[in-house]
Amino acid sequence: MNQNKLFKQTRLRLALWYALVMALILSLCGFGIYRAISHAHWMTLDRELESVAGTLHDSIELKLQQPGELEPVIQQLLPNICVVDKSCIQEQLNPKRHILSAINQGNYYVRFFDNSGRLIAIAGTYPEGLPVAFNKELWQTLKDSKGHFYHQISFVLHTQDNRDWGYIQVGRSLADFNSYLVAVKLILALGLPMVMALVGVASWWLAGLAMQPIYRSYRQIQQFTADAAHELRTPLAATQATVESALLMPQIDEIEARDILQTLQRQNQRLTTLVTDLLLLTRLDRQPMPMQRDICCLDDIVNDLIEEFAALAIASDVTLTSSVRVSTSLDVIGNADQLYRLFSNLIINAVQYTPKGGKITVCLDRSDHYAVIQVQDTGIGIPQHDLTRIFDRFYRVNSDRSRSTGGSGLGLAIVQAIVQAHQGKLNVQSELGKGSTFTVQLPLDVAPLKSDRSMYLLTMLHRRSHQ
């Protein structure tokens, strides 16, 4: 397939489109994953900050007495607190102060404001250049002078007698949050090209897999066209040569004219048969195929064929017999003309490839749900490597396409098409020098109607009267 330029280009286009669509889908999925991770991490950060700030708020609010004044116990509670315009208190962290452990991890800071919005004190790790103007918004995201971002929450503080004391703001650095998102971006940015490379390879492989049936059909059509042209060219060339020879003759007597007309008739008959077979195969290939179906008696069809081909068998010096292994008639639902053509092709094929003195037997039997028809011969047999190809159109076992046995190479192809159209089964067993056995299985009709049987007999009589 890769040697064919058309299919190679088509495969490449399919792979590229598939890879492009997958790249778009993966990019959207990657963006969605990034947004989901960012949102989930941000919500976790908010809950953590709200929990720390709420704990500090509840612990400190119980100790406040005068609005805008920090009690000494608060200065002892918060380490490293720095009161504005006063000296800062430096104390080591007491490991028993679990509620303050987050403040001393270097990520948090605490700011106190009075009711007028004036900064009173700062605790924790306070960043440089952070805006000191008070804002009553619950949540804020700020940036310091170095470009680092911080997220903070504000609460109102009350005294023990429920007066407004001021405000507390608890904030944390977003450095770890941003570094986490940067790592996620890096993973997605590096992972997407690697995944796309794998998708590209997979798309090339899948495109080739998807196009294999199309390529096989293309090759079959190409081979069929070449074979049909070859088959048509031979009789046409013979006809053309006959006509040209006749035109070169200065005078043609009656005997010569008759010989020329007989030659033209034979070639025309060959062309007619070939075209008829091709049209039949075309009709059988169509799905669904409109086909008249009646109840057909296989015993009558086989008996008629044995009688019809008796003269051909005698001329070929072979013995043609039938063997009925059932006591009742075998009736199937199908098209009588096509079934007649099916078994006649098998018998003619057996006669052509059976040497003089050979024997051909047509056997009728039945299984649970099928009528079984076998055409056995003691002919030349078929090589094992050709058994899978003998039903191909225009295929002949002999590589030189010898015409010694006649035919156009469509007989067995028509047999297979008719069997498939009747939902039957077809198989062949053969051994070189010993003969072949073609077995056809057709679904049985368990309740034949007398009127349909009579109609079938009338059809057979009409066909025989025109032969």
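Residues numbered from 1 in each chain as written. Predicted model: local features only at pLDDT ≥ 70, side-chain atom pairs only at ≥ 80, totals over all residues. Heavy atoms only, no water.

## Considerations on the overall build of the protein chain
Summing up its helical and strand segments, the protein chain has nine helices and 13 strands in all. Here the protein chain holds 467 residues, and 39% of them are scored as buried. Across the protein chain, the fraction of contacts at a sequence separation of at least 24, relative to all contacts at a separation of at least 6, is 67%. In the structure as shown, the protein chain presents an accessible area of about 27,000 Å², 58% of it carried by carbon and sulfur atoms. (Helix = DSSP H or I, 4+ residues; strand = E, 2+ residues; numbered from the N terminus. Buried < 20%, exposed > 50% of the residue type's maximum accessible area, 1.4 Å probe, protein only. Contact = heavy atoms within 4.5 Å. Areas by Shrake-Rupley, 256 points an atom, 1.4 Å probe, with all protein chains shown as cover.)

## Section: a negative patch on the surface
A surface patch of like charges, here negative, comprises Asp253, Glu254, Glu256 and Asp259. Mapped onto the fold, aspartate 259 is located in helix α4 (residues 254-285). Relative accessible area serves as the criterion here: at 42%, aspartate 259 is assigned to the partly exposed category. (Patch = residues over 30% accessible without salt bridge, like charges linked within 9 Å, V, L, I, M, F, W, Y side chains within 5 Å. Salt bridge = Lys/Arg side-chain N within 4 Å of Asp/Glu carboxyl O. Lys, Arg positive; Asp, Glu negative; His and termini not counted. Charge placed at Lys NZ, Arg CZ, Asp CG, Glu CD.)

## So, the packing of aromatic side chains
Counted according to the given criterion, the structure contains six aromatic pairs. Taken together, a centroid distance of 6.0 Å and an interplanar angle of 70° make the contact between tyrosine 109 and tyrosine 150 edge-to-face. In this pair, tyrosine 109 is assigned in strand β2 (residues 108-114) and tyrosine 150 in strand β5 (residues 149-158), connecting sequence segments 41 residues apart. Among the aromatic residues, those joined into a cluster by ring pairs are Phe113, Phe134 and Tyr167. (Phe/Tyr/Trp six-rings, centres within 6.5 Å; stacked < 30°, edge-to-face > 60°.)

## Some details on the pattern of salt bridges
For the structure shown, the criterion picks out five salt bridges. Between arginine 172 and aspartate 176 there is a salt bridge; the shortest N-O distance is 3.2 Å. In this structure, glutamate 431 engages lysine 434 in a salt bridge whose closest nitrogen and oxygen atoms are separated by 3.4 Å. When salt bridges with common partners are traced through the structure, they connect Glu48, Arg172 and Asp176 into a single cluster.

## So, the sheet that holds strand β12 (residues 425-431)
The strand order across the open sheet formed by five strands is β8-β10-β11-β13-β12, and the pairing between neighbours is mixed. Where the open sheet ends on each side, the last strands, each with one partner, are β8 (319-324) and β12. Direction aside, the axes of adjacent strands within the sheet are offset by 15° on average. Across six bridges, the pairing between β8 and strand β10 (residues 359-366) is parallel. Following the sheet pairing, serine 323 is matched in β10 by cysteine 363. Packed on one face of the sheet, helix α7 (residues 336-352) meets β8, β10, β11 (370-377) and β13 (435-443) and runs near 170° to β13. In this fold helix α8 (residues 411-421) packs onto β12 and β13, with an angle of close to 145° to the strand it touches most, β12. (Pairing = 2+ DSSP bridges. Axes fitted to C-alpha atoms, helices over the stretch in contact; angles between N-to-C directions.)

## Some thoughts on the pairing of β13
Most of β13 sits out of view: eight of its nine residues are buried. Bridging between β11 and β13 involves seven bridges; their strand directions are antiparallel. Residue tyrosine 370 lies in a different strand from β13, and its bridge partner there is proline 443.

## So, the UniProt feature "transmembrane region" (unreviewed entry) in the protein chain
When the UniProt feature table is mapped to this numbering, "transmembrane region" (unreviewed entry) covers residues 15-37 and 182-207. Note that residues 15-37 is 100% helix and 0% strand, and that its end C-alpha atoms are spaced 32 Å apart. Spanning residues 182-207, this segment combines 100% helix with 0% strand, and its end C-alpha atoms are found 37 Å apart. (UniProt positions renumbered as here; feature names shortened; annotations may be inferred.)

## Some details on the nonpolar core
Core analysis: the largest hydrophobic core is formed by 53 residues, its most contacted members being Leu298, Leu339, Leu342, Phe343 and Leu346. Elements with a contribution of two residues or more to this core: α4, α5 (298-308), α7, β10, β11, α8 and β13. Broken down by element, this core gets its largest block of residues, nine residues, from α7. Grouped together as the second largest cluster of nonpolar side chains are 23 residues, Leu56, Leu64, Ile74 and Ile153 included. (Core = buried A, V, L, I, M, F, W, Y, C linked by side-chain atoms within 4.5 Å.)

## As for a nonpolar patch on the surface
On the surface, a nonpolar cluster with roughly 420 Å² of combined accessible area is contributed by Trp17, Leu20, Val21 and Ile25. Mapped onto the fold, tryptophan 17 is located in helix α1 (residues 5-61).

## Considerations on the sheet that holds strand β4 (residues 139-143)
Across a sheet, strands are paired by hydrogen bonds formed along the backbone, either parallel or antiparallel in direction. Pairing in this open sheet of six strands is antiparallel, and the strands run β1-β3-β2-β6-β5-β4 from one edge to the other. Only two strands of the sheet have a single neighbouring strand rather than two, namely β1 (82-83) and β4. Bridge analysis of β1 against strand β3 (residues 119-124) gives two bridges, and the strand direction is antiparallel. For valine 83, the partnering residue across the bridge sits in β3 and is alanine 121. Packing against the sheet, α1 makes contact with β2, β4, β5 and β6 (164-173), and its axis sits at approximately 30° to β5.

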